[in-house]
Amino acid sequence: MTGNLPNVLRMSLRNACVFRFLLVLGAVLCCGAASADEASIAVTPEQRAALGIEVIEVAEVQEAPMAALPAVVKWPGDTTRAVVIPMGGIVVRLLAQQGQVVVRGQPLVQLRSRDFLEVEADLSATNAQVAILRSQVERDRALVAEGIAPARRLAESEAELKAAQAKRGSRGALLASVEAVADVPGEYRLLSPGEGILAEAGLAPGDKVPGETVAFFILGTEQVWLEAQLPERLIDRVTAGLRVEAGKPIRAGRVLSVGQTVDPGTRSALLRAALPAGPGLRPGQSVEMIVFGPVSEGAVVVPAMALVRIDGQDTVFRAIDGGFVAVPVRSGLRTVDGVAVVGEGLSGSRVAVAGVSALKALAQGL
């Protein structure tokens, strides 16, 4: 509305506002000088409202959020297991879905496989051969012991038995991770080798897949990794073991490592943290990760706007009955929310976060 007023009138309005503020400030100064003790500034509720003074409550902390970083959720490489199709065939159907928690021995996919039929038949024949050769070795051992047969004959039969046993072992290994589908010759189900979260490798019904194809990945259920780019200015301040938070619901973890190589383009280094796996932290998801840093004993966190310099000393204004007291502080960690400071009587108190310039003027006029 004032945009349509003549310049002279607008200037008059601004001067009137400034004059009013100075009158209020002068009244407070006079009141403070008359009624406050040496260390305090007397301010009435009406004067506080007129000067726009606002306060917040602060409490002592042991750590404070020092960085809020965009991060990507990843599965730890050392807990991921590939599930391999042992015998080639055609995918009939998928029996488990992406993101599902599976247990050891649970069917994951069903395939139709000629190779499976051949391996089953070969294993049966090899089992029979092993049984025959074992009997032959026992007979030859007895004949050699009686001096009827030469030792070479026993050595040859033992070698044949070992070869047959090795062949049986290889065929058995191919079938160890599968189960036959009852009443459907030539079809088998691939079983989960352990417990974890299932990640698909892109198979679909009708796909023809050769042996040794990776069908799924089983991901560990205990933890996930978060990877973020840490700004260069924080590299020396963030160390392994610091606490982090991320996800909804919020989960807490620890920094695993901070790279010491700075990317010349982003001026940042790779930070990796570990958190418990669970809802709200899915692989590939982008989340905000909060990194916490330790603070000095007795520290509270105040907004940066609560700090002023008086006689070369960082200062905050603590609310007391009837006004405020200027508290010299030692500033420490710069946090996401402000600054960690240590000062007398601040823990559990209320400090000014708006109208601080007016309080500074009052303090310097005492």
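Position numbers for residues count from 1 along each chain, tracking the sequence in the order it is written. In keeping with the model being predicted, local features are shown solely for residues with a pLDDT of at least 70 and side-chain atom pairs are shown and tallied solely at 80 or more, while totals for entire chains, interfaces and linings include all residues. Computation of side-chain values covers all heavy atoms of the structure but excludes hydrogens and water.

Caption draft 1: Broad picture of the pattern of salt bridges. Salt bridge, as used here: a side-chain nitrogen of Lys or Arg that lies within 4 Å of a carboxyl oxygen of Asp or Glu. This structure, assessed with the given rule, holds 14 salt bridges. Between R189 and E179 there is a salt bridge; the shortest N-O distance is 3.4 Å. In this pair, R189 is assigned in strand 9 (residues 187-191) and E179 in strand 8 (residues 178-180), connecting sequence segments 10 residues apart. When the shortest N-O distance is used, the salt bridge between R309 and D314 registers 2.9 Å. Residue R309 is classed as partly exposed on the basis of its relative accessible area, which comes to 46%. Assessed through its relative accessible area of 17%, D314 is described here as buried. The secondary structure listing takes helices from DSSP runs of H or I that are at least 4 residues long and strands from runs of E that are at least 2 residues long, numbered from the N terminus. Any residue under 20% of the maximum accessible area for its type is buried, any over 50% is exposed, and the rest in between are partly exposed; the area is computed with a 1.4 Å probe on protein chains only.

Caption draft 2: Molecular detail of the packing of aromatic side chains. Two rings from Phe, Tyr or Trp (for Trp, the six-membered ring) form a pair when their centres are within 6.5 Å of each other. A pair whose planes differ by under 30 degrees is stacked, one over 60 is edge-to-face, and the rest are tilted. In this structure the tally under the stated criterion is 1 aromatic pair. When the ring of F116 is compared with that of Y188, the centres are 5.1 Å apart and the planes differ by 45 degrees; the resulting orientation is tilted. You can see F116 sitting in helix 3 (residues 114-145) and its partner Y188 sitting in strand 9, a full 72 residues away along the chain. Counting as a charge over the ring demands two things of the Lys NZ or Arg CZ atom: a distance within 6 Å of the ring centre and an angle within 35 degrees of the ring normal. For R243, the ring lying beneath its charged end belongs to F292, and the centroid distance is 4.2 Å.

Caption draft 3: Structural view of the environment of Q313. With respect to the element layout, Q313 can be found in strand 20 (residues 313-320). Along the backbone, Q313 and V329 are 16 residues apart, and their C-alpha atoms lie at a distance of 7.5 Å. Polar contacts involving the side chain of Q313 include one to the main-chain carbonyl oxygen of V329, which spans 2.6 Å. Two N or O atoms form a polar contact when they lie within 3.5 Å of each other; inside protein one atom must be a possible hydrogen donor and the other a possible acceptor, and for residues adjacent in sequence the pair counts only when both atoms belong to side chains.

Caption draft 4: Up close: the pairing of strand 17 (residues 286-294). Relative to strand 17, strand 3 (residues 63-74) is paired through 9 bridges, and the arrangement is antiparallel. From the neighbouring strand, A71 faces strand 17, where its bridge partner is V287. Pairing between strands is defined by DSSP: at least two bridges between them are needed. The sheet contact formed by strand 14 (residues 243-246) and strand 17 spans 2 bridges and is antiparallel. Looking at the pairing, V244 lines up with V291 of strand 17.

Caption draft 5: Broad picture of the sheet that holds strand 5 (residues 89-94). Spatial ordering of the open sheet is given by 8-9-7-5-11, a layout of 5 strands whose pairing is antiparallel. Because the sheet does not close on itself, it has two edges, and the strands there are strand 8 and strand 11 (208-209). Both strand 8 and strand 9 contribute to a ladder of 3 bridges, which runs antiparallel. By the bridge assignment, A180 is partnered in strand 9 with Y188. By definition in these notes, contact holds between two residues if any of their heavy atoms fall within 4.5 Å. Axis lines are fitted through C-alpha atoms, for helices just across the contact stretch, and the angle between N-to-C directions can take any value from 0 to 180 degrees. Against the sheet, helix 3 makes contact with strand 7 (107-112), strand 8 and strand 9, and its axis sits at roughly 85 degrees relative to strand 8, the strand it touches most.

Caption draft 6: Structural detail: the sheet that holds strand 4 (residues 80-85). The antiparallel open sheet is built from 4 strands, whose spatial order is 4-12-10-6. Here the strands that pair on one side only, and so sit at the sheet edges, are strand 4 and strand 6 (101-102). Relative to strand 12 (residues 213-219), strand 4 runs antiparallel, the two being bridged by 6 bridges. In the strand pairing of strand 12, V83 is matched with F216.

Caption draft 7: Region of interest: the side chain of Q47. In this structure, Q47 sits in helix 2 (residues 45-51). Its relative accessible area of 14% is what places Q47 among the buried residues.

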